[in-house]
Amino acid sequence: MNLLGKLTWSAIPFDQPIPLFSAAVVILIVVGVLVWVAAKGWVPYLWKEWITSVDHKHIGVMYCLLGLLMLLRGFIDALMMRSQQALAFNAPGYLPPEHYDQIFSAHGTIMILFAAMPLVIGLMNFVVPLQLGVRDVAFPTLNSVSFWLTCTGALLVNLSLVVGEFARTGWLPFPPLSELRYSPGVGVDYYLWAVQISGVGTLLTGINFVTTILKTRTYGMTYLRMPMFCWTALAACMLIIAAFPVLTATLAMLTLDRYLGFHFFTNGAGGNPMMFTNLIWAWGHPEVYILVLPSFGIFSEVISTFSAKPLFGYRSMVIATLFICLVSFCVWLHHFFTMGPGGDVNAAFGIATSIIAVGTGVKMYNWLFTMYGGRIRFATPMLWSIGFLLTFITGGMTGVMLAVPPADFLLHNSMFLVAHFHHVIIAGVVFAVMAGITYWFPKAFGFRLDEGWGKATFWFAITGFYVTFVPLYILGFLGMTRRLQHYDVPEWRPWILLAAVGIFIYLCSAVCQIIQLAVSICNRDALRDVTGDPWDGRSLEWATPSPPPAFNFAHLPHVENLEAYWNVKQRAREESRLDGAAPYEDLEMPRNSPTGFVCAFFATFIGFALIWHIWWLMILGLIGAYATFVVFAWRDVPEYVIPAEEVARIDRANRAVRQEALLSEQPT
Amino acid sequence: MPSWRGISGRCGLATPLVVAALWPAKPCFADSILAPAGPVGAGDAIILLDATIIMLAIVIPTMLATLAFAWWYRASNARATYRPDWTYSGRIELLVWSIPTLVIFFLGGVIWIGSHQLDPFQPLSRAKPLEIEVVALDWKWLFIYPQQNVASINELVVPVGTPLHFRLTSASVFNVFFVPRLGSQIYAMNGMTSQLNLLADKPGNYLGLSAHFSGDGFSNMHFATIAEPQEQFARWIAQAQAKGEVLDAAAYRRLLRQDISLAPYTYRGVLPGLFDAVAMQKLPPGEGPHASRDGAGINPHGGT
């Protein structure tokens, strides 16, 4: 009996300079930051205001921070993959297969589950309650649990860099390759537990937001008065509730195969690996729409605001969103047309897939007609949105090309496919998140981001994107398949080198983004958003101060039509005064709670112990996590009171500035 | 049952247009899937190009409209009419829903017909095909010619102009058999048999590879596909029948070990029913990294 299970010193890659060096750098940075924070005496502040916070705005910001960090990590993986392929023509390159395979697996897992998901969920967290005109989500502490469990997943994935290895199976661990026989190491186990634990967090987020949107809207906020972003968030969260349990069950079956000798997906003993392919895509395809639907919501908000017009065809947009939501569950088989299901099945799923393009097409046209007759300001968020409109449409087109089975027979699993899904995810999700962060940043922090550096970020990103991925499309036509660690076909080489140039252009974008943050923080006084409405916004989040107080709204707003805040501003302009303030009352807000953080702390140990078969530690972790839940369930004082005077002070100050700004405007 | 001539003939509506459009880029695509060396590849490629052209017909105008609207309605353009309350138009709504719907109707027809005509299991003609059995191994390809009773590793030799009927399975993990210039790819999966019908109508040496990641040796899982005239093919078969060892149970067991970069070689005979025994899992599956090292799970960085 080994007290540390499978864990020995050989788990640390002493013989491999690249992971060892990068791990050392990361550890140094993390320790450095922690020491700096402690030396500055910020620990109590961080603990009280952020780590234990159950305020949806703080949780949203932390989600985005996690997402951006992981985006950077995933991008470094991408740089390594592109440079490896650039060097590996008739040569081994600098990354041996067992390392390269981990990098592309980690890249996919991190980018989808720990970068894109936290960024989208983070924006949802920050914006949805504000847009609905409420003070928090339905279950604030659960929200904190969700976030910290996602962190646990991200931590486990990154831990695999130093201790052991990550999966070498691709971002979806297809059996039989992921079975014990072909992947005996801990890599797949890291994947399984990281994704399972963060998946629980995601499912809880889904439940939380569906409840929030269905049950806790402000007065008069009927379904058809909700901003588009709330609709898309609702659709995405319903997809989460429907799809994530499928993921959990599928990975649980693979876990049983690996840990307890079951035969769900094994070669032999009646196992059926193709069932895994079916099940994982029954989650995997809706997952794409979980990411892209809220992104469509962000673009709807941005395009409408910066065109100074309401969204064109709002009802059509709602119908198209729900249509996509529903149909996205009927198309998963297009991921394996080439397994040979036969003409009827392939044709049915091919047509179902292309039908999704109807919903997306409707949205494209509605955005187009939102711009028609508008007064378009080309601020950074609008640049990202127009870049999206122009780029996403061809990405959608290559998607429909892949949905045509005979065309898929030539392009499946080729670089064309890689180019396609990066095309839609970068233009659809990353551009949306960049637009969303720039758009809502002043709301979160009280100052705008620097426009010059923001525009530079955009232009480098879109140029880098095309220079990287157009060559990959061409490589697909040249028959190059994905995930090749080395190759010896001379025709491929120029395009691979061009793609490597492209990603270095994209690197400039990442650098500009970091500079933009630094410059904006230094110039924050010049960029200050005094009124809380820096973009002449239309929905309720702009009716609060920037940053909003813990209670969001002193009085829950009464909504009379689709454009809740625009309506208030119009009336203020007509009547030359902002509606009078009603009497203020004491407000009760949920108390901060360390439950989420402590739960995740134990979950990290549970995950680590399961990966390395350290059973005593797993049992301790389970006891700790359960005890945390019990302590939380027995809490006596769930809320604290913000006195009416405090509410009045904050609200009156903002109202005065806001009224002054509104009335000093030139009438339009 | 459509003949292979029918496939390329019927789908060839847009061919002249496409050829004209791609003419300047021709040298770049000499070795691509757009320069197919057989009717299946040609059928696939034509459908690909047809679908692309159908979609470009609305994609390009939409992109131009996006640019035009964004530019004309810029805030600084005093000549543009501001319509702050224009949010609904029944006619435009109708148009917005019907344009994509009609395109998808059209495309749906292409998908339905194409999926059936180019179904990989569908025989290409009534002529008797050459049977080839494919077994994906870690990390090499085994090609068995049951009618000729020979087998080859990492080299697929086929006669030009003869329909080829492949049956495929895997001895270990999933792989995809793919010769881009001949056309359709298909999975090779353990415990299952898939089928593929191809035909090479031009002699040549075409790249073949796996299109599904299968582990550390995946990048080495490529093979030369040599399409040659019937007489040369017969000569190759005769040579293969004359030399090398026999692929019996012991030789097959050696193939189950993980290795890479095997130079092509042939077997002069094959254990009868070997392919079916692999597909029906009557023989043990590929060894994986286990057998070579005790406690492979402990050292995570070990290769094979």
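Residues numbered from 1 in each chain as written. Chains lettered and ligands numbered in written order. Predicted model: local features only at pLDDT ≥ 70, side-chain atom pairs only at ≥ 80, totals over all residues.

**Student:** Would you mind showing me how to read the overall build of chain A here?
**Tutor:** Scanning chain A from N- to C-terminus turns up 19 helices and two strands. On C-alpha atoms alone, chain A measures out to a radius of gyration of 25 Å, which is about the 26 Å that the 2.2 N^0.38 rule sets for 668 residues. Counting only C-alpha atoms and orienting by the principal axes, one finds that chain A spans roughly 75 × 55 × 45 Å. For chain A, the residues scored as buried account for 60% of the 668 residues in total. For chain A, restricting intrachain contacts to residue pairs at least 6 apart in sequence, the fraction spanning at least 24 positions comes to 84%. (Helix = DSSP H or I, 4+ residues; strand = E, 2+ residues; numbered from the N terminus. Rg over C-alpha atoms; globule rule 2.2 N^0.38 Å. Buried ≥ 20, exposed ≤ 12 C-beta atoms within 10 Å, placed from the backbone. Contact = placed C-beta atoms within 7 Å.)

**Student:** Could you clarify how one ought to interpret the overall build of chain B in this entry?
**Tutor:** Within chain B, the secondary structure is distributed over seven helices and 13 strands. Relative to its full complement of 304 residues, chain B shows a buried share of 43%. In chain B, the proportion of contacts linking residues at least 24 apart, taken out of those at least 6 apart, comes to 73%.

**Student:** Looking at this structure, I do not really get the sheet that holds strand β7 (residues 183-188) of chain B. What am I missing?
**Tutor:** By way of backbone hydrogen bonds, the strands of a sheet pair with one another, either parallel or antiparallel. Residue and element names in this part refer to chain B. The strand order across the open sheet formed by five strands is β4-β10-β9-β6-β7, and the pairing between neighbours is mixed. Looking at the sheet topology across the chains shown, the edges are occupied by β4 (155-159) and β7. Each neighbouring strand pair of the sheet contributes to a mean axis angle of 20 degrees, computed without reference to strand direction. Both strand β6 (residues 175-179) and β7 contribute to a ladder of four bridges, which runs antiparallel. Its bridge partner being in β7, V176 is matched across the sheet by Y187. Of the strands in this sheet, β4 and β10 (222-228) are in contact with helix α5 (residues 230-242), which crosses β4 at around 135 degrees. (Pairing = 2+ DSSP bridges. Axes fitted to C-alpha atoms, helices over the stretch in contact; angles between N-to-C directions.)

**Student:** What should I look at first to understand the nonpolar core in this one?
**Tutor:** One broad rule of soluble globular proteins: the nonpolar side chains tend to lie buried together. In this structure, V120, L123, Y190 and A233 of chain A together with A51 and V134 of chain B are the most contacted members of the largest nonpolar core, which totals 289 residues. By residue number, the principal contributor to this core is helix α4 (residues 97-132) of chain A, which donates 22 residues. The two domains that each donate at least three residues to this core are domain 1 (4-117) and domain 2 (130-279) of chain B. Residues in contact with V134 of chain B, not counting those within four places in the same chain, are W141, F143, F166, L168, F177 and A188 of chain B. (Core = buried A, V, L, I, M, F, W, Y, C linked by C-beta atoms within 7 Å. Domains from an automatic or database assignment.)

**Student:** In this structure, what is going on with the domain arrangement of chain B? I would like to understand it.
**Tutor:** Put simply, an interface is often sized by how much accessible area is lost when its parts join up. Residue and element names in this part refer to chain B. Each assigned domain of chain B is listed with its residue range as follows: domain 1 (4-117) and domain 2 (130-279). Here the C-alpha centroids of domain 1 and domain 2 sit 38 Å apart. If you look at the interface, domain 1 gives ten residues, while domain 2 gives 13 residues. With four residues, the single largest contributor to the side of domain 1 that touches domain 2 is helix α3 (residues 39-72).

**Student:** Where do I start with helix α16 (residues 564-575) of chain A in this structure?
**Tutor:** All names here are of chain A. Between the first and last C-alpha of α16 there are 17 Å, a value that for twelve residues agrees with the 16 Å anticipated at 1.5 Å per step. Along α16, the positions that sit buried rather than exposed are A564, Y565, W566, V568 and K569. Lining the buried residues of α16 we find α19 (644-664). Phi turns positive one or two residues past the end of α16, at S576, with a value near 55 degrees. (Expected span 1.5 Å × (residues − 1).)

**Student:** I would appreciate a short explanation of the packing of helix α7 (residues 228-260) of chain A against helix α9 (residues 314-327) of chain A in the present structure.
**Tutor:** For any two helices packed against each other, the geometry comes down to the angle between their axes and how far apart the axes lie. All names here are of chain A. Where α7 contacts α9, the two axes come as close as 10 Å, and the packing angle between them is 15 degrees. Between α7 and α9, the angle is such that the two are roughly parallel. Once α7 is placed against α9, the crossing between them reads as right-handed. Of α9, the residues touching α7 (which contributes M228, W231, T232, A235, M238 and L239) are M317, V318, T321, L322 and C325. Of the residues that constitute the contact of α7 with α9, the class distribution is nine nonpolar, two polar and no charged. (Parallel < 35°, antiparallel > 145°, perpendicular 65-115°, else oblique. Left-handed = near helix turned anticlockwise from the far one by under 90°. Nonpolar A, V, L, I, M, F, W, Y, C, P; charged D, E, K, R; others polar.)

**Student:** Just to check I follow, could you spell out the pairing of strand β9 (residues 204-210) of chain B for this structure?
**Tutor:** A regular strand carries its side chains on alternate faces of the sheet. Residue and element names in this part refer to chain B. Summarising burial for β9: five of the seven residues are buried, a large majority. One ladder, built from two bridges, connects β6 with β9; its direction is antiparallel. When the bridges of β9 are listed, F178 appears paired with L209. Two elements, β9 and β10, share six bridges in a ladder whose sense is antiparallel. Counterpart to G204 in the pairing with β10 is A227.

**Student:** Looking at this model, I keep getting lost on the interface of chain A and chain B. Mind explaining?
**Tutor:** Facing 89 residues of chain A, the contacting portion of chain B comprises 88 residues. When residues of the side of chain A that touches chain B are traced back to their parent elements, those giving at least two are α4, α8 (273-306), α9, α10 (343-371), α11 (380-403) and α12 (405-411) of chain A. A total of 17 residues in the side of chain A that touches chain B trace back to one element, the largest contributor, which is α10 of chain A. Here the residues of the side of chain A that touches chain B sort into 48 nonpolar, 30 polar and eleven charged.

**Student:** So what exactly am I meant to see when it comes to the pairing of strand β1 (residues 130-137) of chain B here?
**Tutor:** All names here are of chain B. Counting buried positions over the eight residues of β1 gives six, a clear majority of the element. In terms of strand pairing, β1 meets strand β5 (residues 164-170) through seven bridges, oriented parallel. Bridge pairing links A136 to S170 in β5.

**Student:** How should the environment of G215 of chain B be read in this particular structure?
**Tutor:** Residues and elements named next belong to chain B. Among the secondary structure elements, G215 is positioned in the loop between β9 and β10. What makes G215 buried here is the crowd of 25 C-beta atoms within 10 Å. In this structure, the C-alpha to C-alpha distance between G215 and P123, residues 92 residues apart in sequence, is 32 Å.

**Student:** Is there a simple way to explain unusual backbone geometry in this structure?
**Tutor:** One can expect most non-glycine residues to show negative phi and most peptide bonds to be in trans. In this structure, the amide linkage connecting S546 of chain A to the following residue, P547 of chain A, adopts the cis form with an omega of -15 degrees. Among the structural elements, P547 of chain A can be located in the loop between α15 (493-522) and α16. Note that the residue after D138 of chain B, namely W139 of chain B, is joined by a cis bond; omega there is -15 degrees. With respect to the element layout, W139 of chain B can be found in the loop between β1 and β2 (140-145).

**Student:** What's the story with the sheet that holds strand β8 (residues 194-198) of chain B in this structure? I'm lost.
**Tutor:** Residues and elements named next belong to chain B. Spatial ordering of the open sheet is given by β8-β5-β1-β2-β3-β12, a layout of six strands whose pairing is mixed. Looking at the sheet topology across the chains shown, the edges are occupied by β8 and β12 (265-267). Shown here is a sheet whose adjacent strand axes are inclined to one another by a mean of 25 degrees, direction ignored. Judged from the four bridges that link them, β2 and strand β3 (residues 150-153) form a sheet pairing that is antiparallel. What sits directly across from F143, in β3, is S152.

**Student:** Can you walk me through the confidence of the model for chain B in this structure?
**Tutor:** Should pLDDT be low for a region, the predicted coordinates there are not to be read in detail. Residue and element names in this part refer to chain B. Residues of chain B with pLDDT of at least 70 account for 86%, and the chain-wide mean is 87. Low pLDDT (under 50) marks residues 1-13, which in the prediction has 21 contacts with non-local residues, meaning those over four places away or in another chain. For residues 291-304, every residue scores under 50 in pLDDT, and the model assigns this stretch 28 contacts once sequence neighbours within four places are set aside. Per the prediction output, this complex has pTM 0.93; the corresponding ipTM is 0.92. (pLDDT = per-residue confidence, 0-100.)

**Student:** Help me out: how do you make sense of the environment of E491 of chain A in this one?
**Tutor:** Tracing the chain through its elements places E491 of chain A in the loop between α14 (451-477) and α15. C-alpha of E491 of chain A to C-alpha of M480 of chain A: the two residues are eleven residues apart in sequence and 9.9 Å apart in space. Contacts of E491 of chain A, omitting those with residues within four sequence positions, involve L478 of chain A together with D31 of chain B.

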